[in-house]
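Fold and geometry: a report
Take a look at the letters that make up each chain.
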Amino acid sequence: MDLSRLEPLDAYRWSLRGEAGRAPVVLFGDRELLTGMDDKVLEQIGNVARLPGLVGAAMTMPDAHWGYGFPIGGVAAFDAEQGGIISAGGVGFDISCGIRCLRTSVTLERLARKMKALADGLFVSIPAGLGREGHLHVDPETLDRILVGGAQWAVEHGYGSGEDLACIEDHGRADGADPAQVSAQAKARQLREMGTLGSGNHYLEVQVVDRVFDASAAAAFGIAEGDVLVSIHCGSRGLGHQIGTDYLVSLAKAAGRLGIALPDRELACAPIASPEGQAYLGAMRAGINCALANRQILAYLTRHTLRHFFPDAELPTLFDVSHNTCKAETHRVDGRERLLYVHRKGATRAFGPGHPALPDRYRPFGQPVIIGGSMGTGSYILAGCAEGEARAFSSASHGAGRQMSRSAALRRWRGRELIDDLAERGILIRTESMRGAAEEAPGAYKDVHRVAEATEGAGLARRVAFLRPKICIKG
DNA sequence: ATGTCC
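About the cut-offs
Residues numbered from 1 in each chain as written. Chains lettered and ligands numbered in written order. Predicted model: local features only at pLDDT ≥ 70, side-chain atom pairs only at ≥ 80, totals over all residues. Heavy atoms only, no water. UniProt positions renumbered as here; feature names shortened; annotations may be inferred. Buried < 20%, exposed > 50% of the residue type's maximum accessible area, 1.4 Å probe, protein only. Contact = heavy atoms within 4.5 Å. Helix = DSSP H or I, 4+ residues; strand = E, 2+ residues; numbered from the N terminus. Near = heavy atom within 4 Å. Polar contact = N/O pair within 3.5 Å; in protein donor to acceptor, adjacent residues only side chain to side chain. Pairing = 2+ DSSP bridges. 1 Å grid on protein atoms, 1.4 Å probe; cavity = no way out; pocket = protein on both sides within 12 Å on 5 of 7 lines; lining within 4 Å. Points joined across faces, edges and corners; volume = space filled by probe spheres on them. Axes fitted to C-alpha atoms, helices over the stretch in contact; angles between N-to-C directions. Expected span 1.5 Å × (residues − 1). Bend = angle between axes of the 7 residues up to and from the residue.

Cross-referencing UniProt, the feature "binding site: Mn(2+) 2" (unreviewed entry) maps to H233 and H323 in the present numbering. Maximum C-alpha separation among the annotated residues is 10.3 Å over a sequence range of 91 residues, consistent with a single clustered spot. With a relative accessible area of 5%, H233 lands in the buried category. In contact with H233, other than residues within four places in its own chain, are C97, G98, I99, L197, N201, H202, Y203 and H323. As for its position among the elements, H323 is in the loop between β11 (317-322) and β12 (324-333). Contacts of H323, omitting those with residues within four sequence positions, involve C97, G98, I99, H233, R344, K345, G346, A347, T348 and H398.

What follows is the structure in structure tokens.
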């Protein structure tokens, strides 16, 4: 990215020079992260800043990269009463993709003795890969109840407990979901895919807490150095993807009908208050519930498998965060509380200390934020902080973020070699696709340590712990 | 991300 068009606000915050007809643009990240970003990121977030009803600045997180319409790592808030819009490209195709993090009572010593068997066991029990079907097949009526009930449906049907729900965003269920706005095709794709991981950057990882940055927040989150965790990264599978595809068309038509000038056709959108906007909102929330139920079922399968190897294992939920959503939230803007529709595409909600939506135990420390690492590199747990509210509508990074395209990664690496190298370093990968593993090469991603450091430096969230991977099941 | 092109 050409930094000459940017004005540094400080070492971690940059403003794009103003232009007529465009709202402010702020990019978070250090000089090296921004230098490494594609110019497309700047072009795309500049386009977002031209959409109607934007409040404050259009923003990118430190892990941002080029995406469909909106950059991945993009954050934009809109006010329905000011003609604000909602955009499918601002949420992403994998609606409510996110990470469920489970704590475990398994010690590193016990894990070390069962590494290979556990890796093989998880690979058998966790359905992964493109188009892969799950153990649970549902009928259309049941799917509609899942789309309304989310993880709450899953818990009611034996896949977990109320303690899980307390540690999921929105208590495991998005209000206002409307399955009637989800196409028959989208639903048909999901009937056999509940409880599946998917492909691409999705994974299930067994991790060890390698370093604690903030002992009091870590204690509140229930973790300490040497603890074993399991993180599950996945989303709403075929259903979410089909909702995105369907509404790209309907929102583009609405934009045309209402004369909304689109700087890029990939930014198809409609006013939140329009029939098409409301329909997408209802469908997208159904997609959120699909993803929340999916991660709850995968948590159940994970517990079942770990208890086969460690019969006394407890695996309580630390937290479950989504990073592809648009959520109605109240934010203070220029001293006034306003209801905003915050698009976070490849960005995590990061409420600060004291927020009423947080579980009691976490509230004094802020919301757990999870930055998922690339294959074999490690992940971070952070905590939302007060500055993030004013700076980014309480948003933070969601991962390492790609720095190289999938095709470029395929040309450069071989999956088999990457996996053998990682095994020599004590990290076991099990995957359905060697091609997928090459695309997910650690070198194709930004440095997760730098992303986490910049996220803290920018005042978006504070680092709490670094997690080192031990076993990774890839789609 | 995705029954990677109906």
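Further notes follow.
Contacts to DNA strand B come from 15 residues, most closely from L130, R189, S199, N201 and R237. Across the atoms of DNA strand B situated within 4 Å of the protein, the share located in sugar and phosphate is 55%. At 2.8 Å from a phosphate oxygen of DNA strand B is found a main-chain nitrogen or oxygen belonging to S199. Side-chain polar atom of R237 to a phosphate oxygen of DNA strand B: 2.6 Å apart, as the coordinates give it. Contributions of two or more residues to the surface near DNA strand B are made by α6 (184-190) and α8 (237-257). With 3 residues, the top contributor of residues to the surface near DNA strand B is α8.

Moving on: the environment of D63. You can see D63 is positioned in strand β4 (residues 54-65). Placed 74 residues apart in sequence, D63 and H137 show a C-alpha to C-alpha distance of 36 Å. Residues within four places of D63 in sequence aside, it is in contact with I72, G346, S397, H398, G399, A400, G401, K446 and V451. At 3.0 Å, the side chain of D63 and the backbone nitrogen of G399 are in polar contact.

One non-glycine residue, D334, adopts positive backbone phi at about 50°. With respect to the element layout, D334 can be found in the loop between β12 and β13 (336-345). On the basis of relative accessibility, which here comes to 81%, the residue D334 falls in the exposed class. At S394, a residue that is not glycine, the phi angle is positive and equals roughly 55°. Residue S394 is classed as buried on the basis of its relative accessible area, which comes to 2%.

Turning our attention to the pairing of strand β9 (residues 228-234). Across the 7 residues of β9, 7 count as buried, placing the element largely inside the fold. The side-chain alternation of β9 yields two buried faces, one formed by V228, V230, I232 and C234 and the other by L229, S231 and H233. Pairing of strand β7 (residues 98-103) with β9 involves 6 bridges; the strand directions are antiparallel. In the sheet register, R103 faces β9, and the bridge partner there is L229. For strand β8 (residues 203-212) and β9, the ladder comprises 6 bridges, and the chain directions are antiparallel. Among the inter-strand pairings, Q207 is bridged to a residue of β9, identified as L229.

Now for the layout of surface pockets. Size it by volume and the second largest pocket reaches roughly 310 Å³. Residue lining of the second largest pocket: 16 residues in total, with E163, D164, R303, P316 and T317 positioned closest to the centre. Contributing elements (two or more residues each) for the lining of the second largest pocket: α5 (162-166) and α9 (275-309). The element best represented in the lining of the second largest pocket is α9, accounting for 4 residues.

The subject of this paragraph is the environment of L262. Mapped onto the fold, L262 is located in the loop between α8 and β10 (269-271). Take L262: its relative accessible area is 28%, and that puts it in the partly exposed class. The spatial distance from the C-alpha of L262 to the C-alpha of N47 is 8.3 Å, given a sequence separation of 215 residues. The contacts of L262, once residues within four sequence positions are left out, are L51, A255, L267, A268 and C269.

Within the open sheet, the 7 strands sit side by side as β1-β2-β3-β4-β5-β13-β12. Their pairing is mixed. With one partner strand each, in any of the chains shown, β1 (6-10) and β12 form the two edges of the open sheet. The mean angle between the axes of side-by-side strands here comes to 25°, regardless of whether they run parallel or antiparallel. Note that β12 and β13 share 10 bridges and pair antiparallel. Note on β13: the bridge partner recorded for R332 is E337.

Here helix α4 (residues 140-156) spans only 18 Å end to end across 17 residues, well under the 24 Å set by a 1.5 Å rise per residue. Along its length, α4 reaches its greatest deviation from straightness, about 115°, at G149. Those residues of α4 not exposed but buried are T142, L143, I146, L147, G149, G150, A151, W153, A154 and V155. After α4 finishes, the residue G158 shows a positive phi value of roughly 95°.

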